[in-house]
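One letter stands for each residue in the lines below.
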Amino acid sequence: MSEKITADYLCQSLNIQDYFLGETDPTMRLLLEKHLNECDECVAELIALQRLRALLRLAFSDPSDCFESSRPRNRPRTMVALKNRLDVATN
């Protein structure tokens, strides 16, 4: 990535979706994680994706799997911290 990456570029829905799915390269992942510390809208989108995945798992899985974590296994602490930050910002 030779061009300068702007906040508007990072805020694009596709970038947040790729991050959520674990499909970003390490450089973009780090940039997005830094951006998520500053952008409540992107945090809200990320949490909405988490909730959607949890609902889909409930709807289409074996009932015994309902209590499985819906967080990406490779970034659980980051996701919890972001959710806590959004909860504080919205209260």
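One structure accompanies this document, and this report is about it.

About the thresholds
Residues numbered from 1 in each chain as written. Predicted model: local features only at pLDDT ≥ 70, side-chain atom pairs only at ≥ 80, totals over all residues. Heavy atoms only, no water. Disulfide = S-S within 2.5 Å. Buried < 20%, exposed > 50% of the residue type's maximum accessible area, 1.4 Å probe, protein only. Axes fitted to C-alpha atoms, helices over the stretch in contact; angles between N-to-C directions. Helix = DSSP H or I, 4+ residues; strand = E, 2+ residues; numbered from the N terminus. Parallel < 35°, antiparallel > 145°, perpendicular 65-115°, else oblique. Contact = heavy atoms within 4.5 Å. Nonpolar A, V, L, I, M, F, W, Y, C, P; charged D, E, K, R; others polar. Core = buried A, V, L, I, M, F, W, Y, C linked by side-chain atoms within 4.5 Å.

1. Quick notes on the state of the cysteines
For step 1, the next point in the chain: Within the structure shown, the criterion is met by 0 disulfides.
For step 2, the next point in the chain: With no disulfide partner, Cys11 has as its closest neighbouring cysteine sulfur the one in Cys42, 3.6 Å distant.
For step 3, the next point in the chain: The class for Cys11 is partly exposed, based on a relative accessible area of 30%.
For step 4, the next point in the chain: Distance from the sulfur of Cys39, which forms no disulfide, to the nearest cysteine sulfur (Cys42) is 3.6 Å.

2. Concerning the packing of helix α2 (residues 13-20) against helix α3 (residues 26-36)
For step 1, the next point in the chain: In contact at an axis separation of 11 Å, α2 and α3 are set at 110° when each is read in the N-to-C sense. Considering their axes alone, α2 and α3 lie roughly perpendicular with respect to each other. Along its contact with α2, which presents Asn15, Ile16 and Tyr19, the element α3 presents Met28, Arg29, Leu32, Glu33 and Leu36.
For step 2, the next point in the chain: Of the residues contributing to the contact of α2 with α3, the split by class is 5 nonpolar, 1 polar and 2 charged.

3. Remarks on the nonpolar core
For step 1, the next point in the chain: Residues Ile16, Tyr19, Leu32, Leu36, Cys42 and Leu46 are the most contacted members of the largest nonpolar core, which totals 13 residues.
For step 2, the next point in the chain: At the level of elements, α2, α3 and α4 (40-60) are the ones that each hand at least two residues to this core.
For step 3, the next point in the chain: Here the element with the most residues in this core is α4; it accounts for 5 residues.
For step 4, the next point in the chain: Contact partners of Leu32, with chain neighbours within four places excluded, come to Leu10, Asn15, Ile16, Tyr19 and Thr24.

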